[in-house]
Amino acid sequence: MKKKATILALCTSLVLTFALAGCSTNSGQNEAAKATGAAGTKETTGKKAKISYLDPLPSQERTALMQGLLKKFQEKNPNIEVEYTSVPWDDANKKWMTMGAAGILPDVLSIDDTSLVAMASAGYIENLQPFYDKWDQLNNLTEATKQARNKFKGNVYAIPDGFLLQGLFIRSDWFKELNMPETIATWDDYFNLAQKFTDSAKNRYGISFRGGANGVIRAMEYVMAAVHSDSWFDKDGKSILYKPEGAAAFKKFYDVYLNGNAPKESVNWGFNEMVQGFLNGQTAILNQTPEVITTAQKNMKEGTWNVVPMPKADEGKRYIFWGYTAAYAMSSKSQNKDASWKLIEFLSSPENNLEYSIKNSTIPIYKDNLKDPFFNKGPIAGYAGSMADSNIVFAGPPSHLTKLGQFTGTFAVEETQKYLTKAQSLEDTVKHLADFLTKEQQAYMKENP
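Every value quoted in this text rests on a predicted model; they were computed, and no experiment measured them. (Residues numbered from 1 in each chain as written. Predicted model: local features only at pLDDT ≥ 70, side-chain atom pairs only at ≥ 80, totals over all residues. Heavy atoms only, no water.)

Participant: Help me understand unusual backbone geometry in this model?
Facilitator: What you tend to see is this: most non-glycine residues have negative phi, and most peptide bonds are trans. Of note, the phi angle at His-228 is positive, near 65°, even though the residue is not glycine. Tracing the sequence through the fold places His-228 in the loop between α9 (215-227) and α10 (244-258). For Ser-361, which is not a glycine, the phi torsion comes out positive at approximately 55°. Assignment of secondary structure puts Ser-361 in the loop between α14 (350-360) and α15 (379-388). (Helix = DSSP H or I, 4+ residues; strand = E, 2+ residues; numbered from the N terminus.)

Participant: Sorry, what's going on with empty space enclosed by the protein here?
Facilitator: If a probe as big as a water molecule is rolled over the atoms, it shows which places are left empty. Under the definition given, this model contains three cavities of 30 Å³ or more. Volume-wise, the largest cavity comes out at about 470 Å³. Looking at the largest cavity, it is lined by 23 residues, and the ones nearest its centre are Trp-89, Gln-166, Arg-218, Thr-289 and Tyr-324. Elements represented by at least two residues in the lining of the largest cavity include exactly β6 (163-165), α9 and β12 (322-324). For the lining of the largest cavity, the element with the highest residue contribution is β12, accounting for three residues. The class makeup of the residues in the lining of the largest cavity is 10 nonpolar, seven polar and six charged. (1 Å grid on protein atoms, 1.4 Å probe; cavity = no way out; pocket = protein on both sides within 12 Å on 5 of 7 lines; lining within 4 Å. Points joined across faces, edges and corners; volume = space filled by probe spheres on them. Nonpolar A, V, L, I, M, F, W, Y, C, P; charged D, E, K, R; others polar.)

Participant: Would you take a moment to explain the sheet that holds strand β3 (residues 108-111) for this structure?
Facilitator: Within a sheet, each strand pairs with its neighbour through backbone hydrogen bonds, oriented either parallel or antiparallel. One open sheet holds the four strands; their spatial order is β2-β1-β3-β13, and the pairing between them is mixed. The open sheet has two edge strands with one neighbour each: β2 (80-86) and β13 (327-330). Taking each pair of neighbouring strands and ignoring which way they run, the sheet shows an average axis angle of 25°. As paired elements, strand β1 (residues 49-55) and β3 share two bridges and run parallel to each other. Bridging across to β3, Tyr-53 finds its partner in Val-108. Packing of helix α13 (residues 337-347) onto the sheet brings it into contact with β1, β2, β3 and β13, and relative to β13 it is tilted by some 175°. (Pairing = 2+ DSSP bridges. Axes fitted to C-alpha atoms, helices over the stretch in contact; angles between N-to-C directions. Contact = heavy atoms within 4.5 Å.)

Participant: Teacher, can you tell me more about the environment of Ile-392 here?
Facilitator: Among the structural elements, Ile-392 can be located in strand β14 (residues 392-394). Owing to a relative accessible area of 24%, Ile-392 belongs among the partly exposed residues under this scheme. The spatial distance from the C-alpha of Ile-392 to the C-alpha of Arg-318 is 4.8 Å, given a sequence separation of 74 residues. (Buried < 20%, exposed > 50% of the residue type's maximum accessible area, 1.4 Å probe, protein only.)

Participant: Help me understand the packing of aromatic side chains, please; the structure alone is not making it clear to me.
Facilitator: Between two aromatic rings, the relevant description is the distance of the centres plus the angle of the planes. Per the counting criterion, the structure on display carries 27 aromatic pairs. On the basis of an interplanar angle of 40° and a centroid distance of 6.2 Å, the ring pair of Phe-209 and Phe-253 is categorised as tilted. On the criterion of sequence distance, the pair formed by Phe-209 in the loop between β8 (205-207) and α9 and Phe-253 in helix α10 is long-range, its members being 44 residues apart. One aromatic cluster is present, formed by Phe-209, Phe-250, Phe-253, Tyr-254, Tyr-257 and Tyr-419 through successive ring pairs. The ring of Trp-174 has Arg-204 lying over it, and the distance from NZ or CZ to the ring centre is 4.2 Å. (Phe/Tyr/Trp six-rings, centres within 6.5 Å; stacked < 30°, edge-to-face > 60°. Lys NZ or Arg CZ within 6 Å of the ring centre and 35° of its normal.)

Participant: Can you walk me through the pattern of salt bridges in this structure?
Facilitator: Any two side chains of opposite charge can pair, on the condition that their charged atoms come close. With the rule as written, the count across this model stands at 15 salt bridges. Among the ionic pairs, Arg-62 bridges to Asp-55, the shortest N-O distance being 2.8 Å. Judged by its relative accessible area of 4%, Arg-62 falls in the buried class. Of the residues examined, Asp-55 reaches a relative accessible area of 0% and is grouped as buried. Its salt-bridge partner being Lys-371, residue Asp-368 comes within 3.7 Å of it at the nearest N-O pair. Classification of Asp-368 by relative accessible area gives partly exposed; the value is 46%. Classification of Lys-371 by relative accessible area gives exposed; the value is 64%. Sharing partners across several salt bridges, the network here consists of Lys-72, Glu-355 and Lys-359. (Salt bridge = Lys/Arg side-chain N within 4 Å of Asp/Glu carboxyl O.)

Participant: What am I meant to see in the environment of Lys-367 here?
Facilitator: Its location among the elements puts Lys-367 in the loop between α14 and α15. We classify Lys-367 as partly exposed; its relative accessible area is 40%. For the pair Lys-367 and Thr-142, spaced 225 residues apart in sequence, the C-alpha separation works out to 5.1 Å. In this structure Lys-367 touches Asn-139, Asn-140, Leu-141 and Thr-142, once residues within four positions along its chain are discounted.

Here is the structure:
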């Protein structure tokens, strides 16, 4: 019995150590469980409450913005101290789930819609509906915010920070070199340009390919367009990858890498690497969201880049993913839920949401904020224009599946990388992916008839 107790204690210690070790930034500011331990607790001396915030999108610009907002919050609420922590986006889902299981999630954290259902169903994050119902900003929210995929069993579990949709960043100067119009009208154009812009001798490639975490989402975006489906599944809950045209589209998408139209190292690229590949002149086309606009403006010469709408499918429709960047959620284990909601409410206020949306180039959650001139000019206006297109089709991932984050962040990465490194056949790769998705979707349909 003594030996078992010792082993149990050791395992518990290792779980906690692993979870907390993942929350670190280059600046060395992350100490998720410092003296307060798990989700922030009240200070042992005095009346000041101490809470923590976890940011899954650390970058020089965003970190400065979030820390600035947290400083304003603490000035306005001197009895609440907020500790900023972060974790790289590509590792976020693993860390969220590990910390949730260990009961040590920070009080407030930003999460995406691929992870929300899994965290809510596991009881890791708090039901915010009681706070939401009393929120004085409800009537100012846009319809997109009200319809956002931030709910579990009808209750709100997170407040969207801002909305994103996909668009294509292009190297305008490369287009001019080839005397080509700065447009990518169809998916066939996309694949043809991937070849035309590739010159490996000059270290130039057509596409900023994402072979790492969440890269499969970009592949499914094209598969949906090719199959003309607004879902990853047919009416029986079977993956559209089982369809011959679905498998063919999957192959065509990944052929971009196999044919050498993307950097060899991009088999492991995540968000930061694919963006950097575009910024440093290695790639011609980057499929990304508006938040990259600010980074491009700061790191690229004016006139060398632009943003164009996503390509249309062969029937003339644009199949586009859109959703919130990373909504504010609360740990169910927080010992300061009122203080945590106060922070969420502050970060989500119209004033702060406008500043956040402008600096991150995201679409704000408030109707009044959309009237700001910033959203009617420049690259961001192109994204807004896409949303107004009558031929747009929402083609988002199945965020209702509890294992979606596991699929996009781990399982699909392993399977696709086996295919890209020629360690596994196309047929086996597609089948493994389709089997995983179908099993989860049909189980969901059975439980939710």
